[in-house]
Amino acid sequence: MNPDSPILLFDSGVGGLTVYDGLRKVLPDAPVIYAADLAGLPYGTKTEAQIAARVAGLLGRMAERFRPRLVCIACNTASTIALGMVRDVLEVPVVGTVPAIKPAAALTRTGTIGLVGTGATIRQAYVDDLEARFAQGKRLLRVAAPGLVEAAEAKLRGRGVDPALIADVHAELTAMPGGEAIDTLVLACTHFPLLSEELAAAFGPEVRQVDGAEGIARRIAHLLEGQSFEAHGPNRFIVTGPIAGAAGLEDALATRGFGPAEVF
Ligand code: DGL
């Protein structure tokens, strides 16, 4: 394995940076290329066919160009829909990001778990399957929160978050039968941990927030155990569509050790 071969992290936007942050804690020296499909954002309001075709096509082209040692789909929407297909087309290990229902089920005391994701994620059979396997006997209440994807994108560009957006998600979940007993919240979209303070303000500090970022980072580190890393220069942040889509992200990128955004 070439020591400068990167790990490719992929998301529709900046959400996968939450996985990147987890990854840097366990593999600080690994060269990373982060790809944000800003031209396709948001995925959560698209159809399964649109998402699968887009993600498999883009990752195929990116893998050819960047020759990564491993690909991580740092997006729940893309993973729950296209993980199998991407694994079929790529020749390197592919790690997905799926809703953290298993750890949430282990944490809940009341037995009631809220799950906030994109519209496309919460309707996936993949999520039904995780619920059946890991949350038997628990109540799992799902809500789609497309506004939070936009809010997280804006927050990383230094803009404020409208508290009404978060309040609506809280109101929708707690109005569901049994919803007042939610004590654990699954952040089933990689964008949402970027809003953890705002979510804590709405749900209260006693509601535990669970996401997959650290687990995924550990999984990647495990798969790459024994490999050597040699980074030449800062990590790369690549976007689809015009470079203007990355305007405002300069600080968020610089503090995370990325060079200036580039177009794919
Ligand atoms: N970050 C993505 C996820 O984890 C989705 C955001 C979107 O494109 O709708 O689901």
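Residues numbered from 1 in each chain as written. Predicted model: local features only at pLDDT ≥ 70, side-chain atom pairs only at ≥ 80, totals over all residues. Heavy atoms only, no water.

### Concerning the packing of helix α7 (residues 146-156) against helix α8 (residues 163-174)
Consideration 1: Direction vectors running N to C along α7 and α8 enclose 150°, while the axes themselves pass 10 Å from each other. The orientation of α7 with respect to α8, classified from their angle, is roughly antiparallel. Taken as a pair, α7 and α8 cross one another with a handedness that is left-handed. For the pair formed by α7 and α8, the contact residues are G147, L148 and A151 on the first element and L165, I166 and V169 on the second. (Axes fitted to C-alpha atoms, helices over the stretch in contact; angles between N-to-C directions. Helix = DSSP H or I, 4+ residues; strand = E, 2+ residues; numbered from the N terminus. Parallel < 35°, antiparallel > 145°, perpendicular 65-115°, else oblique. Left-handed = near helix turned anticlockwise from the far one by under 90°. Contact = heavy atoms within 4.5 Å.)

### A short note on the packing of aromatic side chains
Consideration 1: Taken as a whole and judged by the stated rule, the model has five aromatic pairs.
Consideration 2: For the pair Y34 and F258, a centre-to-centre distance of 6.3 Å together with 75° between the ring planes defines the contact as edge-to-face. Pair noted here: Y34 is in strand β2 (residues 32-36) and F258 is in the loop between α11 (250-255) and β10 (262-263), with a separation of 224 residues, a long-range link.
Consideration 3: Exposure remark for F258: the relative accessible area of 7% places this residue in the buried category.
Consideration 4: On the numbers, 5.9 Å between centres and 50° between planes, the contact of F66 with F264 is tilted. (Phe/Tyr/Trp six-rings, centres within 6.5 Å; stacked < 30°, edge-to-face > 60°. Buried < 20%, exposed > 50% of the residue type's maximum accessible area, 1.4 Å probe, protein only.)

### Looking at the sheet that holds strand β1 (residues 7-11)
Consideration 1: What the six strands build is an open sheet, ordered β4-β3-β1-β2-β9-β10; its pairing is parallel. The open sheet terminates on both sides in strands that have one partner only, identified here as β4 (94-95) and β10.
Consideration 2: Bridging between strand β9 (residues 236-239) and β10 involves two bridges; their strand directions are parallel. The residue of β10 that forms the bridge with I238 is E262.
Consideration 3: In the packing of helix α1 (residues 17-26) onto the sheet, the strands contacted are β1, β2, β3 (70-73) and β9, and the crossing angle to β1 comes to about 155°. (Pairing = 2+ DSSP bridges.)

Worth remembering: the numbers are spatial, not functional.
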